[in-house]
Amino acid sequence: MPLENGDPVRWRGQRVNSEVSSTSQLTGTGDPQPQGTPAPDSSRTEAMTEGWELGPALGDGHMTPGGALQQAGQEPRRREEALMAELSELVQKVVKSSSWWERHGMDISILACSFFLLPAGFLCLRSAQAIPFLVGVLTLGVVHHTLTVKGGHLASHNALTESKSWGKVWAIFFIELCSAFTAEQATYNHVKIHHGYTNIIGLGDSSTWKLPFLNRYIYMFIAPLAVPIITPLVALNLLRNVEWKAALRTLCCMLVGLYCHYWLLLHISGFQSPWSALLCMLLTRSLLAHPYIHVNIFQHIGLPMFAADQKPKRIHLMSLGVLNLPRNALLDWSFGHSLISCHVEHHLFPSLSDNMCLKIKPIVSQYLKQKKLPYNEDTYTSRLRLFLQRYEELMVHAPPITELVGIQ
């Protein structure tokens, strides 16, 4: 199945290291598509992303009387939809046989444990000795990213609970109070756009993570330190796209979350000046910002990209455009399996929790390889080396659109 640049797309579980296509340019931090702007096929986006358990509808399209050619053209699409339906059935059996602890409890316990570590982290910062102080910084940094990245990500997909009402509460808590972002825009841009149109040029192609005016070393190693500052500023800009009641709620939650962190550093950790407390806030909130930025670009950018009107069916789109990284104890805890070693599984079944993505991983990988579909895997160091070597091609220039030869 040739790409536009002539490189073949390999169908078995490959290590993606050099055979990649370049990616699109973003002229700044980039405003995600406004919530009121409809995306192509927007009526089916939610079904594609969160309604996986229903299975894809077979026989998409209409056949005119005597339309033998049209019927022949529909056969590959039906086979592709049947593949997704078959895989969904296998995964659904695993989900139904799993306990509440496996579906939700384990991830909730990780978030609860992180929350209960907060007092220890703030108290360690009271010490004048270097080792306890560093332990406090590391504790608060890991806890912050666990609550914001893992908690916010699961909450945006309503993967923490089967109740939509409680899911909304958790989304507000983890995304707005802990992360200083807006829940509505985070959910829309991540779930509806990124997941609904993964690697579709101009929609879910991860272009919001590109800053083409920065050189490779500043982007990869220095710019991530500014994430705690940029995040609330971007959120304030996005508030114009939501209703005033939601904007007011978001603003209040953001201020409460930031002020509580600042107040605890002054009154519990014993910082003597506002500037030292603010510096500590920046340090802890940016502790894992580098892998956070890296993971977001490593797992999509450089893989095949498609035009909105020429995208493959879901199972091909996700198997071609998503990559898994190896398991890592720190990142698995802080970011969750669905963002690290089970990203392919997460994009195929986004409403599953991190633990369930890990549980279905052998089934998904075996099924894709059995059907000769891509199952992309690569190491963190290999992807980092690739992006440093090909930064201009991957992060600055516009990508070629992958030809769908052999797919549709």
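As the structure is a prediction and not an experimental result, all values here were calculated from the model.

With that out of the way, let us pick up the overall build of the protein. Secondary structure assignment for the protein yields 18 helices and two strands. For the protein, with 408 residues in total, the buried portion stands at 52%. Considering only intrachain contacts with a sequence separation of at least 6, the fraction spanning at least 24 residues in the protein is 75%. A total of about 18300 Å² of accessible surface is found on the protein, and carbon and sulfur atoms cover 64% of it.

If you look at the biggest cluster of nonpolar residues, it comprises 30 residues, and the most contacted ones within it are Ile315, Leu348, Phe349, Val364 and Leu368. At the level of elements, helix H2 (68-96), helix H7 (183-195), helix H13 (314-321), helix H15 (343-348) and helix H16 (354-370) are the ones that each hand at least two residues to this core. Apart from the residues lying within four places of it in its own chain, the contact partners of Val364 are Leu87, Val91, Glu345, Leu348, Phe349 and Tyr375.

Relative to the assigned elements, Pro399 resides in the segment after helix H18 (391-396). Exposure remark for Pro399: the relative accessible area of 13% places this residue in the buried category. Separated by 95 residues in the primary sequence, Pro399 and Pro304 have C-alpha atoms spaced 8.9 Å apart.

Our next topic: the pattern of salt bridges. Tallying each qualifying case throughout the model produces ten salt bridges. With a closest N to O distance of 3.3 Å, Arg103 and Glu162 form a salt bridge. In this pair, Arg103 sits in helix H3 (residues 100-116) while Glu162 sits in the loop between helix H5 (130-156) and helix H6 (164-178), placing the two residues 59 residues apart along the sequence. With relative accessibility at 60%, the residue Glu162 sits in the exposed group. Taking the shortest distance from any N to any O, the salt bridge between Lys168 and Glu184 comes out at 2.8 Å. Note that Lys168 is positioned in helix H6 and Glu184 in helix H7, a separation of 16 residues in sequence.

This paragraph deals with the UniProt feature "transmembrane region" (unreviewed entry) in the protein. In this numbering, the UniProt entry assigns the feature "transmembrane region" (unreviewed entry) to residues 108-125, 130-147, 217-239 and 246-264. For the annotated span residues 130-147, helix accounts for 100% and strand for 0% of the residues, and the straight-line distance between the end C-alpha atoms is 26 Å. Strand forms 0% of residues 246-264 and helix 100%; the C-alpha atoms that close the span are 27 Å apart.

Here we take up helix H10 (residues 244-267). Note: α-helices contain 3.6 residues per turn, so residues at a spacing of three or four share the same orientation. Here H10 contains 24 residues, and its C-alpha end-to-end distance of 34 Å stays within 8% of the 34 Å for a straight helix at 1.5 Å per residue. Along H10, the residues classified as buried are Ala246, Ala247, Thr250, Cys253, Met254, Gly257, His261, Tyr262 and Leu265. In the core, the buried residues of H10 are packed alongside helix H4 (118-124), H6, H7, helix H9 (227-238) and helix H11 (274-285).

Here the focus is the packing of H6 against H10. The N-to-C vectors of H6 and H10 enclose an angle of 55°; their axes lie 8 Å apart at closest approach. Judged by the angle between their axes, H6 and H10 are oblique. Every residue of H10 that contacts H6 at Lys168, Ile172, Glu176 and Leu177 is listed here: Arg249, Thr250, Cys253, Met254, Val256 and Gly257. Tallied by class, the residues present in the contact of H6 with H10 amount to five nonpolar, two polar and three charged.

Reading the values: rules and limits
Residues numbered from 1 in each chain as written. Predicted model: local features only at pLDDT ≥ 70, side-chain atom pairs only at ≥ 80, totals over all residues. Heavy atoms only, no water. Helix = DSSP H or I, 4+ residues; strand = E, 2+ residues; numbered from the N terminus. Buried < 20%, exposed > 50% of the residue type's maximum accessible area, 1.4 Å probe, protein only. Contact = heavy atoms within 4.5 Å. Areas by Shrake-Rupley, 256 points an atom, 1.4 Å probe, with all protein chains shown as cover. Core = buried A, V, L, I, M, F, W, Y, C linked by side-chain atoms within 4.5 Å. Salt bridge = Lys/Arg side-chain N within 4 Å of Asp/Glu carboxyl O. UniProt positions renumbered as here; feature names shortened; annotations may be inferred. Expected span 1.5 Å × (residues − 1). Axes fitted to C-alpha atoms, helices over the stretch in contact; angles between N-to-C directions. Parallel < 35°, antiparallel > 145°, perpendicular 65-115°, else oblique. Nonpolar A, V, L, I, M, F, W, Y, C, P; charged D, E, K, R; others polar.

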